[in-house]
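Close look at the chain arrangement
What follows is each chain in one-letter form.
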Amino acid sequence: MALTGLGIFKLTPKKNCKDCGFPTCLAFSMKVASGAVEISKCPHMSKESVEKLAEATAPLMKTITLGKGDTEYKLGGETVLFRHEKTLVNRNRFAVLLSDDIEGSQIDAKIQHIKDVQYVRIGEDMKTEFVALKYVSNKDKYLELIKKVKSSGLKVGYILVCEDAAVMKEALQLVKDENPLAYGANKDNFKEMVDLVKQDNIALGVKAENLEELYNLVEEIQKLGYKNLVLDPGSKSVKQTFENAVQIRRINLQGQDRVFGYPSILFLNELANGDKFQEVTLSTLFTMKYGSILVLSDMDYVRALPLYGIRQNIFTDPQKPMRVEVGVYGINNPDDNSPVMCTVDFALTYFIVSGEIERSKMPVWMVIPDAGGYSVLTSWAAGKFTADVIAGAIKKSGVEEKTKSRTLIIPGKVAVLKGELEDSLPDWNITVGTTEAMYIPKFLKELAAK
Ligand code: SF4
């Protein structure tokens, strides 16, 4: 079936088709053939052809959407096993487990942690994205718990963890408008569970005793015409759970088997058995392979930063350096006498340098120019961190209005720029800083003592 080619004639080389988003039919077809795009994105295909081709060309792994509005998150949709092959598509999400057998005060504390433990790093919001609400034994308390979370002001998506279809039905009534995940379909209840979620197309979490049973169960559910699924590779042991998670992804992407082509949910709170440090260890492991939703017992300051950090590293393009925004950053409450320090916009450099300045407790204005997102020596060698670039940043950033100090500290590795900078910024005292960030606290203290 050839594509109609209607788009080709209307598009200039730099413009993408507003229907399919590609510059040519050929580019679109190649993406369809690789399974990265659905054939139905081209509105010029006949209905029969779409039906014929849809199954054969569907992406190997489905993208499942949970939540809505500000709390909408996409899961799955991956096309490769390793991030060095291609950038991974949808980052994993963190959930905190609340259940009807937890004390009210503990629930309040966990809700408060979700509200408090949030960061923005390199333009990314880092926070807990879901609450997993588990039914243990008391239906009334369970439904109250859901209402309590709903009225708490938390901006999160919902995961209902419940294997009792009757209780799930009532729970769904409370949050079905939030597009939750209904987790708990097993070999005994899957027909009732599918009936509950089908009408509103709510994603269904599927669990089984072992991988073979999970595979058969997914096939059974698919025969009922339902494919909005999230799979639980979990087992009683860490080793088996890890093996299952890897096997599911390999069978799906290497074996090209769409039965396992769904994102996953992992209950690390159970695997870690109440040990929060074990939860951190397991979360790093399953961030890499291959958890889509990682459920923890809490998200406090101990867990948060390492987990958010590793996720940011795994789910960003390794070829594109992470950059901080160009501008002026005040560290340790600088005032109009504080010196100015300049470094590059490569995020790793920025956070190492700013961390050492924080450690020194000395107030500093930090000026970040557009240095291409590389480290100090690389950007200097590439001609992106030159005297002109630094002088331009000082003038444009407005730092001259923030401080009367005219001390500008440059990285020791580009000491060679001092002369040129003295010519470009005659009012400034150009000071060569340290070659390694760890010496910054000592350097700043000695500078202040002069
Ligand atoms: Fe070609 Fe269809 Fe895309 Fe138009 S929408 S450019 S016809 S693939």
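As recorded in an unreviewed UniProt entry, the protein goes by the name Corrinoid/iron-sulfur protein large subunit, listed as coming from Clostridium luticellarii.

1. Things to note about the pairing of strand E15 (residues 364-368)
Across a regular strand the side chains alternate sides, sitting on one face of the sheet and then on the other. Counting buried positions along E15 gives five out of five residues, so the element sits mostly inside the fold. Here strand E13 (residues 327-331) runs beside E15; their pairing, made up of five bridges, is antiparallel. Along E15, the bridge assignment pairs Gly327 with Ile368. Judged from the three bridges that link them, strand E14 (residues 340-342) and E15 form a sheet pairing that is parallel. Within the sheet, the bridge partner assigned to Met341 lies in E15 and is Met366.

2. What to know about the nonpolar core
Soluble, globular proteins show a tendency: their nonpolar side chains are buried together. Grouped together as the largest cluster of nonpolar side chains are 82 residues, with contacts concentrated most on Leu133, Tyr142, Ile159, Leu204 and Ile221. Once you skip the residues sitting within four places of it in the chain, Ile159 turns out to touch Ala95, Phe130, Val131, Ala132, Leu133, Leu181, Tyr183, Ile265 and Ile293. Formed by 22 residues, the second largest nonpolar core is a distinct cluster that contains Phe385, Leu408, Leu421 and Ile430.

3. Considering the sheet that holds strand E12 (residues 293-296)
What the eight strands build is an open sheet, ordered E10-E9-E8-E7-E6-E3-E12-E11; its pairing is parallel. Each edge of the open sheet carries a strand with a single partner, namely strand E10 (229-231) and strand E11 (265-267). When strand polarity is set aside, the average angle formed by the axes of neighbouring strands in this sheet is 25°. Here strand E8 (residues 181-185) pairs with strand E9 (residues 203-206) via four bridges, running parallel. Paired with Tyr183 across the bridge in E9 is Gly205.

4. Observations concerning empty space enclosed by the protein
The tally for this structure, following the rule as stated, stands at two cavities of 30 Å³ or more. As a volume, the largest cavity reaches approximately 110 Å³. Along the walls of the largest cavity sit 15 residues, with Glu78, Asn90, Arg249, Gly291 and Phe315 positioned nearest its centre. Mapped by element, the contributors of at least two residues to the lining of the largest cavity are strand E2 (73-76) and helix H11 (276-288). Here the lining of the largest cavity takes three residues from H11, the largest share from any one element. Of the residues that constitute the lining of the largest cavity, the class distribution is six nonpolar, six polar and three charged. One number sums up the size of the second largest cavity: a volume of about 60 Å³.

5. Some thoughts on the packing of helix H5 (residues 139-150) against helix H6 (residues 165-175)
At their nearest, the axes of H5 and H6 sit 10 Å apart, and the two run at 15° to each other. Considering the angle they form, H5 stands roughly parallel to H6. For the crossing formed where H5 meets H6, the hand is right-handed. The residues of H6 that touch H5, namely those facing Lys139, Tyr142, Leu143, Ile146, Lys147 and Lys150, are Val167, Glu170, Ala171, Leu174 and Val175. Each residue belonging to the contact of H5 with H6 can be placed in one class, and the counts come to seven nonpolar, no polar and four charged.

6. Topic: the UniProt feature "binding site: 5-methoxybenzimidazolylcob(I)amide" (unreviewed entry) in the protein
Here the UniProt-annotated "binding site: 5-methoxybenzimidazolylcob(I)amide" (unreviewed entry) positions come out as Thr343, Thr349, Gly373, Tyr374, Ser375, Val376 and Ala437. Thr349 gets classed as buried once you look at its relative accessible area, which sits at 14%. Those residues in contact with Thr349 that sit more than four places away from it in its chain are Thr343, Val344, Ser375 and Val376. Along the chain, Val376 turns up in helix H14 (residues 376-381). Apart from the residues lying within four places of it in its own chain, the contact partners of Val376 are Thr343, Val344, Thr349, Phe385, Pro411, Lys413 and Val414.

7. Considering helix H2 (residues 25-33)
Every buried residue belonging to H2 is among Cys25, Phe28 and Val32, and all of these are buried. Considered in projection along H2, the buried side chains sweep an arc of 65° and stay on one side of the axis. Exposed residues on H2 whose side chains face more than 90 degrees from its buried face are Leu26, Met30 and Ala33.

Definitions and limits used
Residues numbered from 1 in each chain as written. Predicted model: local features only at pLDDT ≥ 70, side-chain atom pairs only at ≥ 80, totals over all residues. Heavy atoms only, no water. Buried < 20%, exposed > 50% of the residue type's maximum accessible area, 1.4 Å probe, protein only. Helix = DSSP H or I, 4+ residues; strand = E, 2+ residues; numbered from the N terminus. Pairing = 2+ DSSP bridges. Core = buried A, V, L, I, M, F, W, Y, C linked by side-chain atoms within 4.5 Å. Contact = heavy atoms within 4.5 Å. Axes fitted to C-alpha atoms, helices over the stretch in contact; angles between N-to-C directions. 1 Å grid on protein atoms, 1.4 Å probe; cavity = no way out; pocket = protein on both sides within 12 Å on 5 of 7 lines; lining within 4 Å. Points joined across faces, edges and corners; volume = space filled by probe spheres on them. Nonpolar A, V, L, I, M, F, W, Y, C, P; charged D, E, K, R; others polar. Parallel < 35°, antiparallel > 145°, perpendicular 65-115°, else oblique. Left-handed = near helix turned anticlockwise from the far one by under 90°. UniProt positions renumbered as here; feature names shortened; annotations may be inferred. Arc of directions from axis to C-beta.

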